[in-house]
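Structural overview for review
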Amino acid sequence: MEDKDKPGARVLEHKRIVVGVTGGIAAYKTADLVRRLRADEADIKVIMTRSAQAFLGPLTLQALSGNPVYTELLSKGSDAGMQHIELARWCDLILVTPASANFMAKLAHGLADDLLTTVCLASTRPILVAPAMNREMWLAAATQENKQILEQRGVRFLGPAAGDQACGEVGPGRLIDTDDLFAEITAALAPGVLRGLEVLVTAGPTREYIDPVRYLSNRSSGKMGYAIAQAAAEAGASVTLVSGPVALAPPRGAEPVWVSSAEEMYREVMSRAHHCDVLVAAAAVADYHCGVPALRKLKRGGASLTLTLLPTPDIVKAVTALARRPFTVAFAAETENLVANAQNKLEDKAVDMIAANDVAANGVGFDHDRNEIEVLWRGGSIHLAKGSKQTLARRLIRIIAERYRAKKDTA
Ligand code: C5P
């Protein structure tokens, strides 16, 4: 079988990729990558930063990409300084390889002082970043924080790998292999597993006000729900994210709807649930509210204060009771008997799938960047081993897509 006849071999055909090259010894590896992308008929436009040009000549990438290499933010051409907007809109994907610590810092903080950072800032397309740098630079707190900021905004990191470094040291910071880079780009451009579907995600905590300044809430950071919204958008879904108050920026490609209380979240979800295909309820919804909050701040007094709490509406249960219900996935945050409690919740809430996590375990769950999940449905389960919330969200989305189709096929 010829390469071109293999399933998936034509994924790159006519896909438009901006390849950004920043300063680093690994810049020379971009030449082979661009050659391979072109061989699969991708359209490539290369942007090189000034320091990238110290490692590799633009002419090499011009010859291999078949297009002029862009190097200046403000060129003297006839585009009236609009090159960055044109490139930002032209592409289906931006890949930055090798990405330096300096580039990551600029992107994390919204600096736009050269063509590459400006195009990244001006584009709504997926951004893949393949870092390459000395291990101390990679492990530096500033670089790690910048990575976290970028990941939360939907930028995908490819690597780095660990091993021998150009500076003679050994550790994390090597550019990943060209084979792996190529596979990741192809996967990112392949038709998404949720393409054409409407996905509703709830995320974050709710706030139940007692008086104008005090509320009942919980420790949910919203990170898991935001990662799921992002993974669903990457998988081609049209995503609405109904979010309680969190300190996160909405992920690229998801339409945010801001709410505060459980009652508001209920209203926003119910007005959309009947026309969505999948609901992932990752929000930590308060189970009780205070009825009508006091109009004025409650005064401190000597006597004890009794609050009467009323149950909030169970959003997931209300959705699964709809005549035309979406494929519904609930979360179960448990501190004991994880699987048994999750099984009960699967039946009690009549959901299609439960993602259960142990919030008493160390370093995972509430407000952490990592998680470990037990996914259960009627007739099966999968353990998702500890990983970043972004990685787990992508795996969960793949399982949801499979179960969604299995349910459709048997309906
Ligand atoms: O019953 P419990 O709160 O443990 O169930 C958690 C699941 O139910 C989560 O998916 C959460 O988003 C959802 N939930 C809800 N409405 C509530 C309480 C929880 O949708 N009032």
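Residues numbered from 1 in each chain as written. Predicted model: local features only at pLDDT ≥ 70, side-chain atom pairs only at ≥ 80, totals over all residues. Heavy atoms only, no water.

1. Brief notes about the pairing of strand β1 (residues 16–21)
Stated formally: Whether a residue is buried, partly exposed or exposed follows from its accessible area with a 1.4 Å probe, protein chains only, as a fraction of its type maximum: under 20%, in between, or over 50%, in that order. Put simply, DSSP H or I for four residues or longer makes a helix, DSSP E for two residues or longer makes a strand, and each gets a number counted from the N terminus. Two strands make a pair as long as DSSP finds a minimum of two bridges between them. A crossover counts as right-handed when, viewed with the strands pointing away from the observer, the path leading from the first strand over the helix to the second turns clockwise.
Extensive coverage of β1 is indicated by the burial of 5 of its 6 residues. Here 6 bridges tie β1 to strand β2 (residues 43–48), and the two strands are oriented parallel to one another. Within β2, the position partnered with V18 by the bridge is K45. Between β1 and its parallel partner β2, the chain crosses via helix α1 (residues 29–39), and the hand of that crossover is right-handed. As paired elements, β1 and strand β3 (residues 93–99) share 4 bridges and run parallel to each other. Across the sheet, residue I17 finds its bridge partner in β3, namely L93.

2. What about the site of the ligand?
Heads up, the rule is: We call a residue near a molecule or strand when any one of its heavy atoms sits within 4 Å of it. Contacts described as polar in this section are N or O atom pairs within 3.5 Å, which, within protein, must combine one atom able to donate a hydrogen with one able to accept it, while residues neighboring in sequence count only if both atoms come from side chains. For the area figures, the Shrake-Rupley method with a 1.4 Å probe applies, and any residue is considered shielded solely by the protein chains shown. When residues are sorted by character, Ala, Val, Leu, Ile, Met, Phe, Trp, Tyr, Cys and Pro go into the nonpolar class, Asp, Glu, Lys and Arg into the charged class, and all the rest, Gly among them, into the polar class.
Taken together, 14 residues form the shell around the ligand, and within it A281, A283, P313, F331 and K345 come nearest. Contact between the ligand and P313: a nitrogen atom at 2.8 Å from a main-chain N or O atom of the residue. F331 places a main-chain nitrogen or oxygen 2.8 Å from an oxygen atom of the ligand. Contact with the protein chains removes 85% of the 450 Å² of surface that the ligand exposes when unbound. For the shell around the ligand, the secondary-structure elements that each account for two or more residues are α12 (315–320) and β16 (327–334). For the shell around the ligand, the per-class residue count stands at 9 nonpolar, 1 polar and 4 charged.

3. Side note on the environment of I315
Here is the rule we go by: For this analysis, residues touch if any pair of their heavy atoms sits within 4.5 Å.
Relative to the helices and strands, I315 resides in helix α12. Spatially, the C-alpha atoms of I315 and E263 are 8.9 Å apart, while their sequence positions differ by 52 residues. Residues within four places of I315 in sequence aside, it is in contact with A262, M265, Y266, V269 and V285.

4. Concerning helix α8 (residues 141–152)
Which entries qualify depends on this criterion: Helix span, expected: 1.5 Å multiplied by one less than the number of residues in the helix.
Counted at 1.5 Å a residue, the expected span for α8 with its 12 residues is 16 Å, and the 17 Å between its end C-alpha atoms agrees. Where α8 ends, the next residue or the one after it, G154, has phi of about 100 degrees, a positive value.

5. Overview of the domain arrangement of the chain
To be explicit about the condition: Domains are outlined according to an automatic or database domain assignment. Simply put, the buried area is the total loss of 1.4 Å probe accessible area from both parts when two parts are fitted together. Salt bridges are defined by distance alone: a side-chain nitrogen of Lys or Arg within 4 Å of a carboxyl oxygen of Asp or Glu.
Domain assignment breaks the chain into domain 1 (16–189) and domain 2 (198–293 + 306–410). Computed over C-alpha atoms only, the centres of domain 1 and domain 2 are separated by 34 Å. Contacts between the two partners involve 11 residues from domain 1 and, on the opposite side, 9 residues from domain 2. Carbon and sulfur atoms make up 39% of the area that domain 1 and domain 2 hide from each other, which totals about 840 Å². The largest contributions to the domain 1 side of the interface with domain 2 come from Q152, R153 and R156, which together make up 54% of the buried area. Viewed at the interface, domain 2 and domain 1 are joined by 0 salt bridges. Applying the counting rule to domain 1 against domain 2 returns 0 residue pairs in polar contact (both at pLDDT 80 or more). Broken down by element, the residue count for the side of domain 1 that touches domain 2 peaks at 3 residues, all from α8. Grouping the amino acids of the side of domain 1 that touches domain 2 by side-chain chemistry returns 2 nonpolar, 5 polar and 4 charged.

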